[in-house]
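Topology and contacts: notes
Letter by letter, the chains look like this.
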Amino acid sequence: MFYIIDILGTIAFSISGVLVALNKKMDPFGILIIAFVTAVGGGTLRDVLIGETPVSWMTNITFVYVVLASTILAVIFKSKIDYLRKSLFLFDTIGIGLYTVVGVEKGINAGLHPIICIALGTMSACFGGVIRDILCNEIPVIFRKEIYATACILGGITYFIIKRLPIEGDFVFIIAGLVVIVTRILAVKFKLRLPTFYT
């Protein structure tokens, strides 16, 4: 289940990166690079921080193939997913939900404190998008007032709460990931935002 979630997160983030790159009218190489950094950027930073090197996508070529295949298919069928441009957050949201769980689990496996595990999960989920937005000359969503990183933190907290209950491991992954996804979707739908200091 852990491996499947990692692959699904890679696919979701790759498509998210492709859609952003297409919006910016990048060439094929630019599209591939944006898809790749979106998919593996957060996980790379996470692995470097916990000393797990070479990082996961370097030791498992499957992730590279998944990014390549997702990018090619997203470009080929761009007309089919074109209507999702305005709902780009959907792929992004699925990605952060899946990667939050992966990051938390990696932190647990490394024997880290729950707070650090939640931070790792949030970092895994968000920083691929941060790199993508910076390369595309956008202010990263995580630094704006939208509910984004907050959703990941809630998912991480949920993970540790459910871990204490007599629930099978696979369901812990699914429920914690869904908390992130549902929180993000509801925040966008009902325009829920963090308070700001600006008028």
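Structure's up top.
The structure reproduced in this document is the subject of the present report. This one's a predicted model, so the numbers in the text were calculated from it and none came from an experiment.

Points about the overall build of the chain
When helices and strands are tallied, the chain shows nine helices and zero strands. Listing every helix and strand of the chain by position from the N terminus yields α-α-α-α-α-α-α-α-α. Over its C-alpha atoms the chain spans a radius of gyration of 16 Å, differing by no more than 12% from the 16 Å that the globule rule assigns to 199 residues. Seen through its principal axes, the chain has C-alpha atoms that stretch 50 × 45 × 30 Å. Within the chain, the proportion of its 199 residues that are buried is 47%. Nonlocal contacts in the chain, meaning residues at least 24 apart in sequence, comprise 73% of its contacts between residues at least 6 apart. Accessible surface, the chain: about 10500 Å² in total, of which carbon and sulfur atoms supply 70%. Within the chain, the 12 negative side-chain charges are centred at a point lying 10 Å from the centre of the 17 positive side-chain charges.

Section: the pattern of salt bridges
Per the counting criterion, the structure on display carries six salt bridges. Residue E138 is joined to K24 by a salt bridge in which the shortest nitrogen-to-oxygen separation is 2.7 Å. Remark: K24 occurs in the loop between α1 (2-23) and α2 (28-49) and E138 occurs in the loop between α7 (114-135) and α8 (149-163); sequence separation between them is 114 residues. By relative accessible area, E138 is classed as partly exposed at 38%. Note on K24: relative accessible area 36%, which makes it partly exposed. Measuring nitrogen to oxygen at the nearest pair gives 3.0 Å for the salt bridge that ties D133 to R132. Within this structure, R46, D47, E52 and K106 form a network of salt bridges that share partners.

The rules behind each value
Residues numbered from 1 in each chain as written. Predicted model: local features only at pLDDT ≥ 70, side-chain atom pairs only at ≥ 80, totals over all residues. Heavy atoms only, no water. Helix = DSSP H or I, 4+ residues; strand = E, 2+ residues; numbered from the N terminus. Rg over C-alpha atoms; globule rule 2.2 N^0.38 Å. Buried < 20%, exposed > 50% of the residue type's maximum accessible area, 1.4 Å probe, protein only. Contact = heavy atoms within 4.5 Å. Areas by Shrake-Rupley, 256 points an atom, 1.4 Å probe, with all protein chains shown as cover. Lys, Arg positive; Asp, Glu negative; His and termini not counted. Charge placed at Lys NZ, Arg CZ, Asp CG, Glu CD. Salt bridge = Lys/Arg side-chain N within 4 Å of Asp/Glu carboxyl O.

None of the figures reported here should be taken as evidence of function without further support.
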